Amino acid sequence: MKKVFMLLAATVLTTGLMMSCSGCGSKTEEAPEAPSMFTKEDTTQLLNLIDQFNGYMKAGDIKSATEMLVFLNGDSIEQLNPQFFNRQARSLSAVRGIDYQLDRIMLRDDIDNEAKIDIVLFEKPEGDTRPNTTSLYFRPVRIDGQWYLTTKDNITDTRSDLRNRQDNEETPAAGEEENEE
């Protein structure tokens, strides 16, 4: 009985090791990575744009920071109209802090991107449990090779329509898939 148990345990252990290491060997048949549609110049330009914005915010220059923001209307860039400018300025004033740091950038295509800025609102004494950070999200867009900052909000963000249109063009309709089979 002990021999059967030991043989069974050895078989389970060996099988487990083989399965866990199935991806450990050399990967000679890897698919080549698709070339990125973004260059180092794109990254540099976008980082400089975000650094400039963060610099204005650190200096308390809400007006200059707000002037950097644009509105994506369909496929074109527009300056913020006075109503949106005032709305954005009020929003930025509400998150005025003492430090602004880029947390991450996710680049997908010319219009569907995201940059997250972490903001420290105030110095926090040791033992203070109040939250002192918040975040700001940009939707950077690239139009004709030039990067612009738009914000992620429910009024000026027209990307959802553009993403839906793009997704619909890439994905065949359900009826078309059934007819092909």
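Quantities reported herein were computed from a predicted structural model and do not represent experimental measurements.

With that settled, the discussion passes to the nonpolar core. Within the largest apolar cluster, 24 residues are counted, with the highest numbers of intra-cluster contacts made by Phe-53, Leu-92, Phe-138 and Leu-149. When residues of this core are traced back to their parent elements, those giving at least two are helix 2 (40-58), helix 3 (62-67), helix 4 (82-94), strand 4 (113-120) and strand 5 (133-138). Here this core gets 5 residues from one element, more than from any other, and that element is helix 2. Excluding residues within four positions of it along the chain, Phe-53 makes contact with Ala-65, Met-68, Leu-69, Leu-92, Leu-136, Phe-138 and Leu-149.

Quick look at the side chain of Ser-64 now. Position of Ser-64 relative to the elements: it lies in helix 3. One polar contact links Ser-64 to Asp-61, side chain to side chain, over a distance of 2.7 Å.

Glancing now at unusual backbone geometry. If you check the backbone angles, Asp-144 has positive phi at about 50 degrees while not being a glycine. On the secondary structure map, Asp-144 appears in the loop between strand 6 (141-143) and strand 7 (146-148).

Next up on the list: the sheet that holds strand 4. Within the open sheet, the 3 strands sit side by side as 3-4-5. Their pairing is antiparallel. The open sheet is flanked by strand 3 (99-107) and strand 5, the only strands paired with a single partner. Across the sheet, the mean angle separating the axes of adjacent strands is 20 degrees when strand polarity is ignored. Pairing between strand 4 and strand 5: 6 bridges, direction antiparallel. Its bridge partner lying in strand 5, Asp-118 is registered against Ser-135. Packed onto the sheet, helix 2 meets strand 3, strand 4 and strand 5 and runs at close to 155 degrees relative to strand 3.

For the protein chain, mean pLDDT is 77; residues scoring 70 or higher make up 64% of the total. Considering each helix and strand of the protein chain separately, the mean pLDDT is smallest for helix 1 (residues 2-20), with a value of 41, and largest for helix 3, with 97. Note on residues 1-35: pLDDT is under 50 here. Beyond four places in sequence and across chains, it has 0 contacts. Segment residues 172-181 is flagged for pLDDT under 50; beyond a separation of four residues in sequence, or across chains, it makes 1 contact in the model.

Enumeration according to the criterion identifies 3 aromatic pairs in this entry. With centroids separated by 5.7 Å and ring planes inclined at 40 degrees, the aromatic side chains of Phe-38 and Trp-147 adopt a geometry described as tilted. A residue pair is termed long-range when its members are at least 10 positions apart, and Phe-38 in the loop between helix 1 and helix 2 and Trp-147 in strand 7 qualify at 109 residues. Considered together, Phe-38 and Trp-147 belong to a single accessibility category, that of buried residues. With centroids separated by 5.8 Å and ring planes inclined at 35 degrees, the aromatic side chains of Phe-71 and Phe-84 adopt a geometry described as tilted. With Phe-71 in strand 1 (residues 70-73) and Phe-84 in helix 4, the pair connects residues that are 13 residues apart, well separated along the chain. We classify Phe-84 as buried; its relative accessible area is 15%.

Cut-offs used in this document
- Residues numbered from 1 in each chain as written.
- Predicted model: local features only at pLDDT ≥ 70, side-chain atom pairs only at ≥ 80, totals over all residues.
- Heavy atoms only, no water.
- Core = buried A, V, L, I, M, F, W, Y, C linked by side-chain atoms within 4.5 Å.
- Buried < 20%, exposed > 50% of the residue type's maximum accessible area, 1.4 Å probe, protein only.
- Helix = DSSP H or I, 4+ residues; strand = E, 2+ residues; numbered from the N terminus.
- Contact = heavy atoms within 4.5 Å.
- Polar contact = N/O pair within 3.5 Å; in protein donor to acceptor, adjacent residues only side chain to side chain.
- Pairing = 2+ DSSP bridges.
- Axes fitted to C-alpha atoms, helices over the stretch in contact; angles between N-to-C directions.
- pLDDT = per-residue confidence, 0-100.
- Phe/Tyr/Trp six-rings, centres within 6.5 Å; stacked < 30°, edge-to-face > 60°.

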